[in-house]
Structure formats: C-alpha cells, structure tokens
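Summary of structural features
As a plain string of letters, each chain reads:
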Amino acid sequence: MLIRLFNAYESEPTQYLKEKFCDQYLVSEQAMRMIHGIKKQLIYELRRCHLVPDDVFRAEDDSSLNKYSDSWPMVQAVIVAGSYPNIGFVQRGNKFNRIRSHVGKSSIFHASSSLKKQLTTITNTSSNNSKKIEPEYFVFHEAIAKDDNIMTQHSIKIVTAVPQIAVLLFAGPIRMAAEALAYFEIVDTNGDLQRKRQLIREEKIAKWKEQQENERRLWNERNIIIHLDEHDNGDLKEEDLPHSLQDDEFLQLDKWFGFRGKFNTLQRVIRLRCRIMDLVVRSLTFGQNKKHDEPLLETLNQILCIAHKSQGFNSVVDLSRGSSQRKIRTVSNSNRNLAAT
C-alpha cells in the first residue's frame, strides 16, 4: 500500500499537483519529500557500492534495474532482507496474539495495522468450506512494549505478511555457519560426506529393525499373538520410521529461530542461499554482471512467485512504474495484497 501511495505521488508532473495530491488523500507532503530524499540517497549509496552503474542518477535511468520492481514476491524478499531480525512467526491455526519473534513469544498486531484489519475481515467473511489465508511469517518495522501486571507484551507495527521461502532464503546472517555448510554437504566434491551420512542412517535403521524383531520374538515366546503389519514385508516407508530416524533435519539460521524439513529440501535451499550471497558479494566487489546474474534472478523470481501463489497470497499487478500504471487509481485499489501498515 505504501509503495502504491509513493508511486502515485511521484507520478504527478508538477509540485503543485503533488501538493494537491497530498491534500486530497490526507498525506503528509513533508513525509513524501523525506521519502524522495531517502530514495536519492539510496541510489547514491548503491552507485558507490557498485550495485548500479556510475551513470545512473535516478531509478528511471536504467530500465533493467527495475525489471523486478513490479514483482511483489521479489519486493517481499527485499523487505525481509532489509528488516531482519524483525521476523515474526505464528503457527498455522493459532490466533494472531501469539506471534513469536526475537522480542518475545506473544507479540500482537498494533491496533493501527491494516494487516490486522484484513486478516480479521477474511476470518469473519470466510465460510467453513472456503479456503482461508493463514500467513505464518511476518516482517515488521517496529515493536512497542506494552507492560501490564502479568507480562510484557509487544505490539508490532508496519507489518508485511511474507511466504516461508522468502524468510528461509533472505533472513539470517549473510554468512552461514561453517558447521551448517558441512553438515548439509554443500561442499562435497567426492561425495564422501553423503556416503558417510547414508551409512550412519542405514546403521541406525538396522539397529531399530533388530530391536523391533527382538521385541516381537519376546512377545511370541509369551504366546501373545501379534498381527504382522507392513513393517514385516521389507518395504519400509519413510513415514513408518520413528521421528528420530526420519530424514528430517533442523536448519538453525540464528540463535532464536530456524526451520525443520527434509534433508534434500534444506540442502537445495542452502545452495540457493549461497548463490544469492555470492551474487551480493561479487556485485559489491566487482560490480554487476547482468549476463551472468540474470538467469539466477529470473529463477529466484519464479520460485518466489510460485511460493506466493501456493500459499494463498493475492496477486499484485499494480506496482509497475510505467506511465500507464502510475495513476491515482492505484491508491484506491480495493484488491490489495496482505501488505504493510
């Protein structure tokens, strides 16, 4: 919503129309000017860090720099990277008064949050058979402590709901722990780490099977009939194993949060994180290489868009900065995504 607002403000050709726009929509012109100044300063810093060419003085000077600016999933990823460690999480199905973050385990939305109003509206209007949007991860700009006699609770402001994959790829330190890289076999040229892990897992499964067989034999000796199930036919499935032997792993991104998932899935995600880190560090050191980096950015955009759609987020099609899109009507668009404030 804030992006739409600022785009509409900047689309006005003269200062008089900008002031009229602010009066019409009850927007602080001073705040808009401040945002415009920050934007110019950011472009200067990006140019100084070699992230944009030296001849770029405005965002419009090179259209390729804004190629993904109208992709809301990519914008969400940037918000996650810039807002860390202000990440909130709530388990699906729970109420939104138990949001966990680095400031506490029971944060709530601030009363002024438009996201809170959207989620409340969705909950009230959704029938039992309709698909409800239940975001699990949130990015917030500010946390305000609220003391009472029982506990200290925080209310979070300027909140954006984001997909899980955006947090997994862009949250956390830019440099991952060497132990995590070794454990998930990110650098395993000869496959030695993979063979060692599989061998250890097979040994554990064999010991578990032997223990199960001994227990079954003990029951049979006591003349207790046991109905054999699918465990005995040799076709052991992953879900049949106890949780400790399943191929589930935990990836700790920071001291206070992490993700649990299948080993192969987390391994692929870490490899993609490393590619993103390499892109950032290489761009800071040597500048952009559009021909080399474009396939990675395109793949990343596709992954984020798929995750955005699969988790029930609304489509956002009015973030383009083109002349045909930069209209005041974007501010009053009612079909808004779960977004900021």
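Residues numbered from 1 in each chain as written. Predicted model: local features only at pLDDT ≥ 70, side-chain atom pairs only at ≥ 80, totals over all residues. Heavy atoms only, no water.

Looking up the protein in an unreviewed UniProt entry gives the name DEAD-box helicase OB fold domain-containing protein, with the organism given as Meloidogyne incognita.

1. Some thoughts on the packing of aromatic side chains
For the structure on display, the rule yields 13 aromatic pairs. Each residue in the set Tyr84, Phe89, Tyr137, Trp256, Phe257 and Phe259 is aromatic and connected to the rest through ring pairs, giving one cluster. (Phe/Tyr/Trp six-rings, centres within 6.5 Å; stacked < 30°, edge-to-face > 60°.)

2. Points about the packing of helix H1 (residues 2-10) against helix H2 (residues 15-24)
Working note: a packed helix pair is described by the angle between its axes plus the distance between those axes. It is the contact of H1 with H2, at a shortest axis distance of 9 Å, that shows an interaxial angle of 145 degrees. In contact with Leu5, Ala8, Tyr9 and Glu10 of H1, H2 contributes Gln15, Lys18, Phe21 and Cys22. Class assignment for the residues of the contact of H1 with H2 results in 5 nonpolar, 1 polar and 2 charged. (Axes fitted to C-alpha atoms, helices over the stretch in contact; angles between N-to-C directions. Helix = DSSP H or I, 4+ residues; strand = E, 2+ residues; numbered from the N terminus. Contact = heavy atoms within 4.5 Å. Nonpolar A, V, L, I, M, F, W, Y, C, P; charged D, E, K, R; others polar.)

3. A short note on H2
Residues Lys18, Phe21 and Cys22 constitute the buried set of H2. Down the axis of H2, the smallest arc covering the buried residues is 95 degrees, so these residues share one side. Of the residues in H2, the exposed ones pointing more than 90 degrees away from the buried face are Tyr16, Asp23 and Gln24. Elements in contact with the buried residues of H2: H1 and helix H3 (29-48). Within two residues after H2, Leu26 carries a phi angle of roughly 55 degrees, on the positive side. (Buried < 20%, exposed > 50% of the residue type's maximum accessible area, 1.4 Å probe, protein only. Arc of directions from axis to C-beta.)

4. Points about the environment of Val78
Along the chain, Val78 falls in helix H4 (residues 72-83). In sequence terms Val78 and Phe170 are 92 residues apart; their C-alpha atoms lie 7.8 Å from each other.

5. With respect to the nonpolar core
Judged by nonpolar contacts, the single largest core of 36 residues is most densely connected at Val80, Val167, Leu169, Phe170, Leu251, Leu300 and Leu304. If you list the elements that add at least two residues to this core, you get H4, strand E4 (137-147), helix H6 (164-170), strand E6 (248-254), strand E7 (257-262), helix H9 (263-286) and helix H10 (290-310). Among all residues touching Leu251, those that are not within four sequence positions of it are Leu168, Met176, Phe184, Gly258, Phe259, Leu266 and Ile270. Judged by nonpolar contacts, the second largest core, of 11 residues, contains Val90, Leu119, Ile156 and Phe313. (Core = buried A, V, L, I, M, F, W, Y, C linked by side-chain atoms within 4.5 Å.)

6. Some thoughts on H10
Taking 1.5 Å per residue as the helical rise, H10 with its 21 residues ought to reach 30 Å, and the 29 Å between its terminal C-alpha atoms agrees with that figure. Among the residues of H10, those classed as buried are Asp293, Leu296, Leu300, Asn301, Leu304, Ala307 and His308. Within H10, the buried residues cover an arc of 145 degrees as seen down the axis, which keeps them to one side. Exposed side of H10, more than 90 degrees from the buried face: Lys291, Ile306 and Lys309 are the residues found there. Buried residues belonging to H10 abut H4, H6 and H9. Of the residues one or two after H10, Gly312 is the one with positive phi, at around 85 degrees. (Expected span 1.5 Å × (residues − 1).)

7. Looking at the environment of Cys305
Here Cys305 is to be found in helix H10. For Cys305, a relative accessible area of 31% translates into the label partly exposed. Sequence separation between Cys305 and Ser315 is 10 residues, and the spatial gap between their C-alpha atoms is 9.4 Å. Apart from the residues lying within four places of it in its own chain, the contact partners of Cys305 are Ser71 and Pro73.

8. Examining the pairing of E7
Bridge count for E6 against E7 is 6 bridges, and the pairing is antiparallel. Each bridged residue has a counterpart across the sheet, and for Glu249 the counterpart in E7 is Gly261. Turn length for the E6-E7 hairpin, with the two strands adjacent in sequence and antiparallel, is 2 residues. (Pairing = 2+ DSSP bridges.)

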